[in-house]
Amino acid sequence: MTGHRHVHHAPPAQSATDADLDRWSDDGGTTPTPSARTADLERHWLRVSAALTARLPDLAGRDDIIVTCEHTTRSGAPAAYFPTLASIEVSTHVFNPLHPARIRPEFPGDEDRYPTAWGALVHEAAHAAHSLWTTPTHLLGTALDDAAQLLEESRAERAHLAQRPADRRYLRAIVRQLILDALATSPPTSRWHTAHAAALVLARRDAGILDPDEAQPLHDLAEQVLGPDLLAELTRIWHDAHTTGDTDAAAMLDHARAWCDALNTDPTTPPPPANNSSGNGSVSGPGTLADAIGQVTGHITENERAQAAAERAARAASARRSDAKAEQAAHRREAAATAKAVFAPGARPYTPASTARKGRPARSPITGTRPPRPAEQRAAVQLARALRAAAYRERTDTVNTSTAPPGRLNMRAALARTAQQAAGATPTAQPWTSVQRRHTPNPPLRVGVAVDISGSMAAATAPIASAAWILAKATALTDPASRAATVAYDSHLTAVTAPGRTPTQVSEFTATGAGHSLAEAIDALTAGLDLTHPGSARLLVIASDARYHPDETTRATKRINHLNTSGCAVLWLTFHQNTTPPPGVTLLELANPADAINAIAHAAITALSHTS
């Protein structure tokens, strides 16, 4: 993108090929018929041109410009803008190595496969939107015109980025692939062209396209060649150009004239030729500048690689979060279905899909019911009283001050306000004080109990059945919004007490099953009692000896971790020594199963006390 003018306010000269075709037509000849392969390529390039034209209004804010893909642009540049023709030309070479059949600009996001070509289009779109001033005709081709067009390059891109900051990556692509490559191929050999290179690269740094560390090697060399004072003066000029309006031709020409004066160049004469090594100051060792340009390219490449890696990591993390959310939503639906099946009135034992293949018949472990004993009734009343005490929240008092009643008068503040008024100052003292008292509602309680009814738990069935009834009764007495439920599990799930239904009888059950569907039992209790939702004191109690298959433990651990994350406490009761439960639980070993209700009550009170 160097060495070529990008904004052509005059119609372009007719190309040699077009002139030959016109002469051939005038002589009565027929236009040569292209080969099938050439015709196919042209059809694809016409399609790409139409798609780029359709996308241009988003880039330039204009819908009157036609974009064409040319094998060789009339200006010789990778891309060019012709205001008088309302057209933009883009060289097909900047799309290499893609075949035009694979280029689909009509699909947003496809441009990421050819960032350099898209960057060339973005650059010309910036000119179409912001390069609205012109150089007077008599100054075209002069050093003044050359300097003005040079300053316009970064000015237009900076104005474009202010409206479309996401296009920065594409403008960076043309710096790395086109501008720096051109500078490395024919490095400047004079102070004029060294300043030209600085404006192409360092001005884009100050326009926000390049990072400071990327342009530093060229900055250091330009300072060495031009001198710190001259480089500072040139930097000031392009900074002033960056803040110039789109239509302010006089200001842009003034900046260009200052540029020529700083470099001791007559603004009315043609710019120094590229191979000039005298008169305007020579640059010794052009290879040194090529090395600096190579370092800039390397820094940009490294930063782009790091940015691409960060974007890939961000996309992967986003995909994982999306997958996790979808998985959690599916799991919530499955848990709700499990809870509905387990706690339905009159429901039979529920067989989870994980154990349905084992072919064991679903037989209810509940052997019957009995009236609660007087001791159990007293225990329920005592537990309810303790839970209400733990749930009690003090009212909150908010002290407000004001300049007028109601409230209590603070004499010290009143005297201070009077003194402020007497002194002619703005009164700031507020002598009236009022207290606003608000009642803090007590949080409801959610307690889920999962009871292992495999054969090794036979000794705990009676006290756990009693504890389940006491908990259900006590929570109902505590608060109408409180809920408790108990699920017995082996390879099947059976509701012992259901949420929202206070049992009048104690359900007795046996422990003769096999297998452990603890994960599914937790799902049923979590969905039935909303154990993952804040706003209540939540507790899950698991009574088991933890003698599980590794797969059963893994699935249960996943559920327990989710409960811990959501703020639900998990208590594991065991009546066997050397029990190793899954991580994330509070283990409580009981020598006497009859002590289970006391342990559960203490854990429930603790959960209530820690609920805000």
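Asker: What is the right way to look at the overall build of the chain in this model?
Answerer: When helices and strands are tallied, the chain shows 17 helices and 14 strands. Evaluated residue by residue, the chain yields a buried proportion of 46% over its 612 residues. Considering only contacts in the chain between residues 6 or more positions apart, those separated by 24 or more positions represent 75%. Of the roughly 29600 Å² that the chain leaves accessible, carbon and sulfur atoms contribute 53%.

Asker: Could you clarify how one ought to interpret the environment of alanine 125 in this entry?
Answerer: Mapped onto the fold, alanine 125 is located in helix H3 (residues 115–130). Assessed through its relative accessible area of 0%, alanine 125 is described here as buried. With 32 residues separating them in the primary sequence, alanine 125 and glutamate 157 have C-alpha atoms 9.2 Å apart. What alanine 125 contacts, discounting residues up to four positions off in sequence, is Leu56, Leu59, Ala60 and Ile88.

Asker: What am I meant to see in the packing of aromatic side chains here?
Answerer: For any pair of aromatic rings, the description consists of the separation of the ring centres together with the inter-plane angle of the planes. Using the criterion set out here, one finds four aromatic pairs in the structure. Judged by centre distance (5.5 Å) and plane angle (55°), the ring pair of tryptophan 45 and phenylalanine 95 falls under tilted. Here phenylalanine 95 lies in the loop between strand E3 (87–91) and H3 and tryptophan 45 lies in helix H2 (residues 36–60), a separation of 50 residues in the sequence. The buried category is assigned to tryptophan 45, whose relative accessible area is 7%. An aromatic cluster is built from Trp45, Phe95 and Tyr114, whose rings are joined through pairwise contacts. A cation sits over an aromatic face here: arginine 74 above phenylalanine 82, 5.1 Å from the ring centre.

Asker: Sorry if this is basic, but what is going on with the packing of helix H4 (residues 143–163) against helix H6 (residues 191–206) here?
Answerer: Between two packed helices, what matters for the description is the angle formed by their axes and the separation of those axes. The N-to-C vectors of H4 and H6 enclose an angle of 15°; their axes lie 8 Å apart at closest approach. In this view, H4 runs roughly parallel relative to H6, as classed from their interaxial angle. Here the hand of the crossing between H4 and H6 comes out right-handed. Residues Ala143, Asp146, Ala147, Leu150, Glu153, Ser154 and Glu157 of H4 lie in contact with H6, whose contacting residues are Trp192, His196, Ala199, Leu200, Ala203 and Arg204. A class-by-class count of the residues in the contact of H4 with H6 yields seven nonpolar, two polar and four charged.

Asker: Teacher, can you tell me more about a nonpolar patch on the surface here?
Answerer: Where nonpolar side chains cluster on the molecular surface, the patch consists of Leu409, Met411 and Leu415 and spans about 310 Å² of accessible area. With respect to the helices and strands, the residue leucine 409 is situated in strand E6 (residues 408–409). Taking the relative accessible area as the measure of exposure, leucine 409 reaches 41% and is therefore partly exposed.

Asker: Just to check I follow, could you spell out the sheet that holds strand E13 (residues 569–574) for this structure?
Answerer: Paired through their backbone hydrogen bonds, the strands of a sheet run either parallel or antiparallel. Strand order across the open sheet formed by six strands is E10-E9-E8-E12-E13-E14, with mixed pairing between neighbours. Edge positions in the open sheet fall to strand E10 (493–497) and strand E14 (586–589), since each of these has one partner strand only. Pairs of neighbouring strands in the sheet enclose a mean axial angle of 20°, with direction left out of account. Note that strand E8 (residues 445–452) and strand E12 (residues 537–543) share seven bridges and pair parallel. Within E12, the position partnered with alanine 450 by the bridge is isoleucine 542. Sitting on the sheet, helix H15 (residues 518–529) is in contact with E8, strand E9 (483–489), E10, E12 and E13, with an inclination near 160° to E9.

Asker: Would you mind showing me how to read the pairing of strand E2 (residues 79–82) here?
Answerer: Two faces make up the sheet, and in a regular strand the side chains alternate between them. Along E2, one buried face is formed by Ala79 and Tyr81 and the opposite face, lined by Ala80 and Phe82, is buried too. The antiparallel pairing of E2 with E3 creates a hairpin that spans four residues between the two strands, and alanine 86 there sits at a positive phi of about 50°.

Asker: What exactly am I supposed to notice about the nonpolar core here?
Answerer: In a soluble, globular protein the nonpolar side chains are often hidden away together inside. Among the nonpolar cores identified, the biggest contains 78 residues, and Leu56, Phe95, Leu121, Val201, Leu234, Trp238 and Trp259 are the most heavily contacted of them. For leucine 121, the contacting residues outside a window of four places in its chain are Leu52, Leu56, Leu59, Val67, Ile88 and Val90. If you look at the next biggest cluster of nonpolar residues, it comprises 39 residues, including Val496, Leu539, Leu573 and Ala603.

Asker: It is not clear to me how the pattern of salt bridges should be interpreted in this structure. Could you clarify?
Answerer: Two side chains carrying opposite charge are able to pair once their charged atoms lie near each other. Counted by the stated rule, this structure contains 28 salt bridges. Aspartate 206 is the partner of arginine 205 in a salt bridge, and the nearest nitrogen-oxygen pair spans 2.9 Å. With a relative accessible area of 25%, aspartate 206 lands in the partly exposed category. Of the charged contacts in the structure, one is a salt bridge between glutamate 233 and arginine 236, with a shortest N-O distance of 2.6 Å.

Asker: In this structure, what is going on with the sheet that holds E3? I would like to understand it.
Answerer: Taken together, the three strands give an open sheet; going across it, the order is E1-E3-E2, and neighbouring strands pair in mixed fashion. Looking at the sheet topology across the chains shown, the edges are occupied by strand E1 (66–70) and E2. With direction set aside, neighbouring strand axes in the sheet form an average angle of 20°. Note that E2 and E3 share four bridges and pair antiparallel. Following the sheet pairing, alanine 80 is matched in E3 by glutamate 89. In the packing of H2 onto the sheet, contacts are made with E1 and E3, and the angle to E1 comes to roughly 145°. Sheet strands touched by H3: E1, E2 and E3. Its angle to E2, the strand with the most contacts, is close to 20°.

Asker: Help me understand helix H5 (residues 168–185) in this model?
Answerer: Since the α-helix advances by 3.6 residues per turn, residues separated by three or four positions end up pointing in the same direction. The first and last C-alpha atoms of H5 sit 25 Å apart over 18 residues, in line with the 26 Å expected at 1.5 Å per residue. The largest bend in H5 comes to about 35°, at valine 175. Tyr170, Leu171, Arg172, Ala173, Ile174, Val175, Leu178, Ile179, Leu180 and Leu183 are the residues of H5 that are buried.

Asker: Explain the side chain of histidine 219 to me, please; I cannot follow it from the model alone.
Answerer: Relative to the assigned elements, histidine 219 resides in helix H7 (residues 212–226). Leaving out residues up to four positions away in the same chain, histidine 219 has contacts with Leu202, Arg205 and Leu231.

Asker: Looking at this structure, how should I read the pairing of E12?
Answerer: Among the seven residues that make up E12, seven are buried, leaving the element largely enclosed by the rest of the structure. A two-sided burial pattern is seen for E12, the buried positions comprising Ala537, Leu539, Val541 and Ala543 on one face and Arg538, Leu540 and Ile542 on the other. Bridge analysis of E12 against E13 gives five bridges, and the strand direction is parallel. Bridged to isoleucine 542 within E13 is tryptophan 572. A crossover connection joins E12 to the parallel E13 through helix H16 (residues 550–566); in handedness this β-α-β unit is right-handed.

Asker: For this particular structure, what's the right way to read the side chain of serine 91?
Answerer: When you line up the elements, serine 91 lands in strand E3. Not counting the four nearest positions on each side in its chain, serine 91 is found in contact with Glu70, His71, Thr73, Ala77 and Pro78.

Asker: Is there a simple way to think about the environment of aspartate 248 in this case?
Answerer: Mapping aspartate 248 onto the fold places it in the loop between helix H8 (228–242) and helix H9 (249–262). Since its relative accessible area comes to 34%, aspartate 248 is described here as partly exposed. C-alpha of aspartate 248 to C-alpha of tryptophan 133: the two residues are 115 residues apart in sequence and 6.3 Å apart in space.

Each value, and the rule that gives it
Residues numbered from 1 in each chain as written. Predicted model: local features only at pLDDT ≥ 70, side-chain atom pairs only at ≥ 80, totals over all residues. Heavy atoms only, no water. Helix = DSSP H or I, 4+ residues; strand = E, 2+ residues; numbered from the N terminus. Buried < 20%, exposed > 50% of the residue type's maximum accessible area, 1.4 Å probe, protein only. Contact = heavy atoms within 4.5 Å. Areas by Shrake-Rupley, 256 points an atom, 1.4 Å probe, with all protein chains shown as cover. Phe/Tyr/Trp six-rings, centres within 6.5 Å; stacked < 30°, edge-to-face > 60°. Lys NZ or Arg CZ within 6 Å of the ring centre and 35° of its normal. Axes fitted to C-alpha atoms, helices over the stretch in contact; angles between N-to-C directions. Parallel < 35°, antiparallel > 145°, perpendicular 65-115°, else oblique. Left-handed = near helix turned anticlockwise from the far one by under 90°. Nonpolar A, V, L, I, M, F, W, Y, C, P; charged D, E, K, R; others polar. Patch = residues over 30% accessible without salt bridge, like charges linked within 9 Å, V, L, I, M, F, W, Y side chains within 5 Å. Salt bridge = Lys/Arg side-chain N within 4 Å of Asp/Glu carboxyl O. Pairing = 2+ DSSP bridges. Core = buried A, V, L, I, M, F, W, Y, C linked by side-chain atoms within 4.5 Å. Expected span 1.5 Å × (residues − 1). Bend = angle between axes of the 7 residues up to and from the residue. Right-handed = clockwise from strand over helix to strand, strands pointing away.

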